[in-house]
Amino acid sequence: MNKPEEKFTLLPQDQAGDPKLFQTLLKQETVPVPDYLAEHYPGFSNEDLSVDRYASREFHRLEATRMWTRTWQFVGREEQIPKAGDHLVYDIIDNSIIVMRGDDGVIRGFHNSCLHRGRALRMDGGTVGKLKCPYHGFTWSLKGKLESIPCAWDFKHIEGQNNDLPQVRVESWLGFVFINLDDNAPPLADYLNELPQHFRDYAFERSVIIAHVQRRVATNWKVAQEAFMESMHAHVTHPQILTFTGDCDSQYDMYGDNISRSVTPMAVPSSHTKGVVEPLVLHDILAESGRMADSNADAHTLPEGQTTRQYIGELNRSIFGEASGRDLSHATLAELQDAILYSIFPNTQIWSGYCGNIVYRVIPDGDNHESCIFDVMLLWRHKEGEVPPAPARLNRLPDDQPFSAASELGALGPVFDQDMRNLGAMTKGLKASKKGAVSLASYQESRIRHHHQTLDKYLGTGGGK
Ligand code: FES
Ligand SMILES: [Fe+2]
């Protein structure tokens, strides 16, 4: 199918938006709709947020000492460290953690600091037989037991002490590995609130990373995280997706302190537009979304009497069902195509549903409050009982490379580049602000409000400012 002529009208900005659209679409589903797709919006205040929250070094240091040391943080996926000695290194401001699989199969977290004179034991992930410090050779087992000391005659004074590598809490959920530096933090299962219930049917534990791209981004970590917490920027930042994305028609929900989500209806034209014909919706969602079962728009024509939403839902049901070896006849059209994006405070966002699952991780770039490390992972579900494919290797893009240079991201690369152009400009604009504050939309930016309210609970600075 060649691209239909783009004859539609862009409406005045102030007229667009229907936050009830998703609930209306759910009423048209032909299979039972799971309860967790219901609206769950607690309502928030509307005070401005000070730009200091992004731009000030003091605020960043408060986050370093009071928040990053006490929260569950996604490090990587279990399939990245399948064998004994495989490990990831997670650097979070002043701390560095080695997350390693032992020869007993258990994943442990070790403070990445030699007990001799403090050298970091590992500078990056990889595989080792032992943890041997590259400076003088103190050596620990994969379980963190001290095994040998060079010139041991000179270290008689530490004999009898506990010389095991100090550990950090590690917990896994559906293959996602988290660490927490706080021994007194609640278990991960409590921290995740209702999320395990919401994700119970998506078989994330059988997912493998098929693309993993990382790049440094010149902005505060929250600015980057918040770029994925609202869809109302799409009509200006990503105009190519308006023909198939209900950007300002999204639903926003929060669950406890740590979980929020947005639900953006797909295969419907934005309410910023008028007169978009269905063949154009079909063409563009296939060609531009980067998440559907086929990206070859020319291979599809909308059958008589079907909406694009029905057609794409069934296409995804069939192809993704076959690929994952699952009968997806019970799946709603929503879970087969919509952008249902959850965040887990503070560093992770995961796209849910039966397909097109993307994971974002955003953390500060060392101790620099004006730079962050952004990771994007695409997941693919393999069949039960099948040997999973090896996970994709990390593609670390140089700072000056666009995401579109990472061909494994497909149509998503140019979309991220559009987002990235905002992020550097946010750093500049926040510092230049005469107003000294940002004003959030009451509803459409409620996930951002929620993000800051949770942050305040850790910082003890009170809400609002
Ligand atoms: S600092 Fe590690 S062995 Fe000396
Ligand atoms: Fe975006």
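Here the structure is a predicted model, which is why all the values come from computation and not from measurement.

Draft legend 1. Examining the overall build of the protein more closely. When its secondary structure is counted, the protein shows 12 helices and 22 strands. Computed over its C-alpha atoms, the radius of gyration of the protein comes to 24 Å, within 12% of the 23 Å expected for a compact globule of 465 residues. Its C-alpha atoms put the protein at 85 × 55 × 40 Å along the principal axes. Long-range contacts, defined as pairs at least 24 residues apart, comprise 65% of the intrachain contacts of the protein with a sequence gap of at least 6.

Draft legend 2. Looking closely at the sheet that holds strand β3 (residues 73–77). Pairing in this open sheet of seven strands is antiparallel, and the strands run β3-β12-β11-β6-β5-β4-β7 from one edge to the other. Because the sheet does not close on itself, it has two edges, and the strands there are β3 and β7 (126–127). The pairing of β3 with strand β12 (residues 176–180) spans four bridges and is antiparallel. Across the sheet, the residue bridging to Gly76 is Val177, located in β12.

Draft legend 3. Structural view of unusual backbone geometry. Put simply, Phe345 and Pro346 share a cis peptide bond, and its omega is 0°. Note on placement: Pro346 falls in the loop between β17 (339–344) and β18 (348–351). Non-glycine residue Ile93 carries a positive phi angle of around 50°. Along the chain, Ile93 turns up in the loop between β4 (86–92) and β5 (95–101). Ile93 sits in the buried class, given 21 other C-beta atoms within 10 Å. Here Ala267, not a glycine, exhibits a phi torsion of approximately 65°, which is positive. Judged by local crowding, Ala267 falls into the buried class, with 27 C-beta atoms found within 10 Å.

Draft legend 4. Up close: the environment of Asp124. Secondary-structure assignment places Asp124 in the loop between β6 (107–111) and β7. Along the backbone, Asp124 and Ile98 are 26 residues apart, and their C-alpha atoms lie at a distance of 8.8 Å.

Draft legend 5. Molecular detail of the pairing of β12. Burial within β12 is extensive, with five of its five residues counted as buried. Of the two faces of β12, both are covered, the one formed by Phe176, Phe178 and Asn180 as well as the one formed by Val177 and Ile179. Where strand β11 (residues 167–173) and β12 come together, five bridges link them in antiparallel fashion. Bridging from a neighbouring strand, Ser172 pairs with Val177 of β12. Adjacent in sequence and paired antiparallel, β11 and β12 are bridged by two residues, among which Leu174 carries a positive phi angle near 55°.

Draft legend 6. Molecular detail of the domain arrangement of the protein. When its domains are assigned, the protein resolves into domain 1 (16–47 + 188–459) and domain 2 (79–180). The gap between the C-alpha centroids of domain 1 and domain 2 is 35 Å. The interface is formed by 15 residues belonging to domain 1 together with 11 residues belonging to domain 2. Going through the elements one at a time, β13 (207–217) and β19 (358–365) are the ones with two or more residues in the side of domain 1 that touches domain 2. Among the elements that take part in the side of domain 1 that touches domain 2, β13 stands out by supplying three residues, more than any other. A breakdown of the residues in the side of domain 1 that touches domain 2 according to their chemical character gives 11 nonpolar, two polar and two charged.

Draft legend 7. Up close: the sheet that holds strand β21 (residues 395–396). One open sheet accounts for eight strands, arranged β14-β15-β17-β18-β19-β20-β13-β21; its pairing is mixed. This sheet does not close on itself; its edge strands, each paired only once, are β14 (251–255) and β21. Taken together, the two bridges between β13 and β21 define a ladder with parallel strand orientation. By the bridge assignment for β21, Val213 is matched with Asn395.

Draft legend 8. Seen up close, the packing of helix α8 (residues 278–288) against helix α9 (residues 308–324). Axis separation between α8 and α9 bottoms out at 9 Å; the angle between their running directions is 30°. In this structure, α8 crosses over α9, and the sense of that crossing is right-handed. Along its contact with α8, which presents Glu278, Val281, Leu282 and Ile285, the element α9 presents Thr308, Tyr311 and Ile312. Classifying every residue of the contact of α8 with α9 gives five nonpolar, one polar and one charged.

Draft legend 9. The arrangement of α8 in detail. For α8, a buried count of eight out of 11 residues is recorded, marking the element as mostly surrounded by other parts of the structure. Within the sequence span of α8, burial applies to Leu280, Val281, Leu282, His283, Asp284, Ile285, Leu286 and Glu288. Looking at the packing, one finds that the buried side of α8 touches α9. At the exit of α8 stands Gly290, carrying a positive phi of roughly 75°.

The rules behind the values
Residues numbered from 1 in each chain as written. Chains lettered and ligands numbered in written order. Predicted model: local features only at pLDDT ≥ 70, side-chain atom pairs only at ≥ 80, totals over all residues. Helix = DSSP H or I, 4+ residues; strand = E, 2+ residues; numbered from the N terminus. Rg over C-alpha atoms; globule rule 2.2 N^0.38 Å. Contact = placed C-beta atoms within 7 Å. Pairing = 2+ DSSP bridges. Buried ≥ 20, exposed ≤ 12 C-beta atoms within 10 Å, placed from the backbone. Domains from an automatic or database assignment. Nonpolar A, V, L, I, M, F, W, Y, C, P; charged D, E, K, R; others polar. Axes fitted to C-alpha atoms, helices over the stretch in contact; angles between N-to-C directions. Left-handed = near helix turned anticlockwise from the far one by under 90°.

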